[in-house]
Amino acid sequence: MFKKALLRLLNAAQIPLDVDSNFVPNQLSQFRISVSEAAAMAGAPPVIIWEREVESLLHYKELIPRLEEALGKFSSRDSAEVIQPVRSTVPLQKHNGFLGLMPTYMENDGVLSTKLVCFYNRGAGSTLPSVSATVLLLDPESGHMKAVMDGEAITNMRTAGASAISAKLLMRHGAEVLAILGTGQQALSHYKAFTEMLSFKEVRVWNHRREGAEKFRRSVGGPVTVCGSVEEAVRGADVIVTVTRSIEPVLCGRWVKPGAHVAAVGACRPDWRELDDSLMKEAVVYADSREGAMAESGDVILSGVEVFAELGDVINGIKPAYREKTTVFKSLGMGVEDAVAANLVYEQWKAKAYKL
Ligand SMILES: NC(=O)c1ccc[n+]([C@@H]2O[C@H](COP(=O)([O-])OP(=O)(O)OC[C@H]3O[C@@H](n4cnc5c(N)ncnc54)[C@H](O)[C@@H]3O)[C@@H](O)[C@H]2O)c1
Ligand SMILES: O=C(O)[C@@H]1CCCCN1
């Protein structure tokens, strides 16, 4: 009875209850309550961690090493490391969109999560976001929901983090010029991740509407060259990031410098494109998930090319990184990236909560 009352109090104060014994609150251990028992007894509601707070808790310096490790674990195909099926999608026909379900279990790390992500092929006039997401973090032993998090900040940062890892591994040494095509949410997170983790002498951006690119330049503050065409933006660029909502190719192989690295982030449906056939055929193609790319990437499926390797294969030393060749990293986005990012947010949140 007393235990229950205490737990309700802790709960009301949003003191997290989970099975990670490193974080047993002192009050609980004095009463010799196991933390799983506590969580189950208390029926503790999940903590809610929303946009600003996620952004304040997540930093590329900590996130990127975890993503790199997770990509390696994913490609090891060890079910004790990662179980992550290809995203299942439900079409939202009336709204020109999809709901994607992205469950992931990392048994060795004790991380269980799922992301629910809606993504849309928005018309030009729409002001609604292209991607809207929520990440649920659960305790794998009890099924107790530990946290509900804003998934947009997580999606933006983990996607940019994975692209930055691809560039670190696949761009040629001495790369100087970065070109970003598209100037939305992903463009912003990619700009931050790439300029924070790598170093470029010049950053160019292109948007199909020039005012979008000008707005982007003003909002990032740093030196950015706004380009009037895709060709102008990518000619001579060493690294190219495609983060558009386009469903037809925007980037053509004939403009791309041999040896450039392309991180292709948009076009996440089997009939959507961002890259043309000549680029896909010229490049050595890497993906986050081979299975995901074969199921979801129009650039891979419709060009008929083979995925040479997963990024995790390169991280694990199983496949080579062809830095001197033209390379494409086809990113579809993976649940395991959301899982490690959400887990990191939760760890940081707990550390902050216990300091108070
Ligand atoms: N690979 C992944 O893990 C992953 C994760 C999140 C988003 N995405 C995809 O990345 C893309 C960008 O996402 P976002 O959140 O930045 O979206 P956003 O809506 O914030 O930005 C989209 C950008 O594309 C531009 N654009 C719109 N229509 C275009 C067209 N026809 N041609 C060229 N540019 C066009 C917009 O002006 C804007 O700059 C989307 O396709 C999204 O589905 C992929
Ligand atoms: O992995 C994700 O979160 C995204 C969302 C949007 C479309 C493609 N994949």
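Everything in this summary refers to the structure shown in the same document. Bear in mind the structure is a predicted one, so any value in this text is a computation, not a measurement.

Rules of the game
Residues numbered from 1 in each chain as written. Chains lettered and ligands numbered in written order. Predicted model: local features only at pLDDT ≥ 70, side-chain atom pairs only at ≥ 80, totals over all residues. Heavy atoms only, no water. Helix = DSSP H or I, 4+ residues; strand = E, 2+ residues; numbered from the N terminus. Buried < 20%, exposed > 50% of the residue type's maximum accessible area, 1.4 Å probe, protein only. Contact = heavy atoms within 4.5 Å. Areas by Shrake-Rupley, 256 points an atom, 1.4 Å probe, with all protein chains shown as cover. Pairing = 2+ DSSP bridges. Axes fitted to C-alpha atoms, helices over the stretch in contact; angles between N-to-C directions. Near = heavy atom within 4 Å. Polar contact = N/O pair within 3.5 Å; in protein donor to acceptor, adjacent residues only side chain to side chain. Nonpolar A, V, L, I, M, F, W, Y, C, P; charged D, E, K, R; others polar. Expected span 1.5 Å × (residues − 1). Core = buried A, V, L, I, M, F, W, Y, C linked by side-chain atoms within 4.5 Å.

**A closer look at the overall build of the protein chain**
Move 1: The secondary structure content of the protein chain amounts to 14 helices and 14 strands.
Move 2: For the protein chain, the residues scored as buried account for 54% of the 356 residues in total.
Move 3: In the protein chain, the proportion of contacts linking residues at least 24 apart, taken out of those at least 6 apart, comes to 67%.
Move 4: About 15,700 Å² of surface is accessible on the protein chain, with carbon and sulfur atoms providing 53% of the total.

**Observations regarding the sheet that holds strand β1 (residues 47-49)**
Move 1: Strand order in this open sheet of six strands is β1-β6-β5-β4-β3-β2, and the pairing throughout is mixed. The strands lining the two open edges of the sheet, one partner per strand, are β1 and β2 (88-92). Taken over all neighbouring pairs, the strand axes of this sheet differ in orientation by 15° on average, direction set aside.
Move 2: Note: strand β5 (residues 131-138) against strand β6 (residues 145-150), five bridges, orientation antiparallel.

**Here we look at the site of ligand 2**
Move 1: Taken together, R87, M102, K115, V117, F119, V131, T155, R158, C268, L332 and G333 make up the full set of residues near ligand 2.
Move 2: K115 is positioned such that a nitrogen or oxygen atom in its side chain is 2.6 Å from an oxygen atom of ligand 2.
Move 3: One nitrogen or oxygen atom from the main chain of L332 is found 3.0 Å from a nitrogen atom belonging to ligand 2.
Move 4: In isolation ligand 2 offers 270 Å² of accessible surface; the protein chains occlude 91% of this area.

**A closer look at the site of ligand 1**
Move 1: Inspection of the region around ligand 1 gives 24 residues, with S130, T183, Q185, Q186 and N207 positioned closest.
Move 2: For ligand 1, an oxygen atom lies 2.8 Å from a polar atom in the backbone of Q186.
Move 3: Coverage of ligand 1 by the protein chains reaches 85% of its 860 Å² of free accessible surface.
Move 4: For the shell around ligand 1, the secondary structure elements donating two or more residues are α6 (151-170) and α7 (185-197).
Move 5: Broken down by element, the shell around ligand 1 gets its largest block of residues, three residues, from α6.
Move 6: Among the residues forming the shell around ligand 1, the class breakdown is seven nonpolar, 15 polar and two charged.

**Re the sheet that holds strand β13 (residues 309-310)**
Move 1: With parallel pairing, the eight strands of this open sheet are ordered in space as β9-β8-β7-β10-β11-β14-β12-β13. Lying at the two open borders of the sheet, with one neighbouring strand each, are β9 (225-226) and β13.
Move 2: In this structure, strand β7 (residues 177-181) lies alongside strand β10 (residues 239-242), joined through four bridges in parallel fashion. Across the sheet, L181 pairs through a bridge with T242, a residue of β10.
Move 3: Packed on one face of the sheet, α6 meets β10, β11 (261-264), β12 (284-287) and β14 (327-330) and runs near 165° to β11.

**Here's the deal with helix α5 (residues 60-75)**
Move 1: For α5, with 16 residues, the first-to-last C-alpha span of 22 Å sits near the 22 Å given by 1.5 Å per residue.
Move 2: Considered for burial, the residues of α5 that qualify are Y60, L63, I64, L67, E68, A70, L71, G72, K73, F74 and S75.
Move 3: Buried positions along α5 lie against β3 (97-106), α6, α7, β13, α13 (311-315) and α14 (335-355).
Move 4: Backbone geometry just downstream of α5 places R77 in the positive-phi region, at approximately 55°.

**A few points about the pairing of β11**
Move 1: By the alternation rule, side chains of β11 split into H261 and A263 and V262 and A264, which are all buried.
Move 2: The sheet contact formed by β10 and β11 spans four bridges and is parallel. Note that in β11 the partner of I240 across the bridge is V262.
Move 3: For β11 and β14, the ladder comprises four bridges, and the chain directions are parallel. Across the sheet, H261 pairs through a bridge with T327, a residue of β14.

**Regarding the nonpolar core**
Move 1: Residues I49, M149, I154, I180 and F194 are the most contacted members of the largest nonpolar core, which totals 65 residues.
Move 2: When residues no more than four places from it in sequence are discounted, the contact partners of M149 are I49, W50, A133, T134, V135, L137, I154, A342, V345 and Y346.
Move 3: Counting residues in hydrophobic clusters, the runner-up holds 30 residues, among them V230, I240, L251 and C268.

**Notes on the pairing of β12**
Move 1: By the alternation rule, side chains of β12 split into V284 and Y286 and V285 and A287, which are all buried.
Move 2: As judged from the four bridges shared by β12 and β14, these two strands associate in the parallel manner. Looking at the pairing, Y286 lines up with F329 of β14.
Move 3: As paired elements, β12 and β13 share two bridges and run parallel to each other. Note that in β13 the partner of A287 across the bridge is E310.

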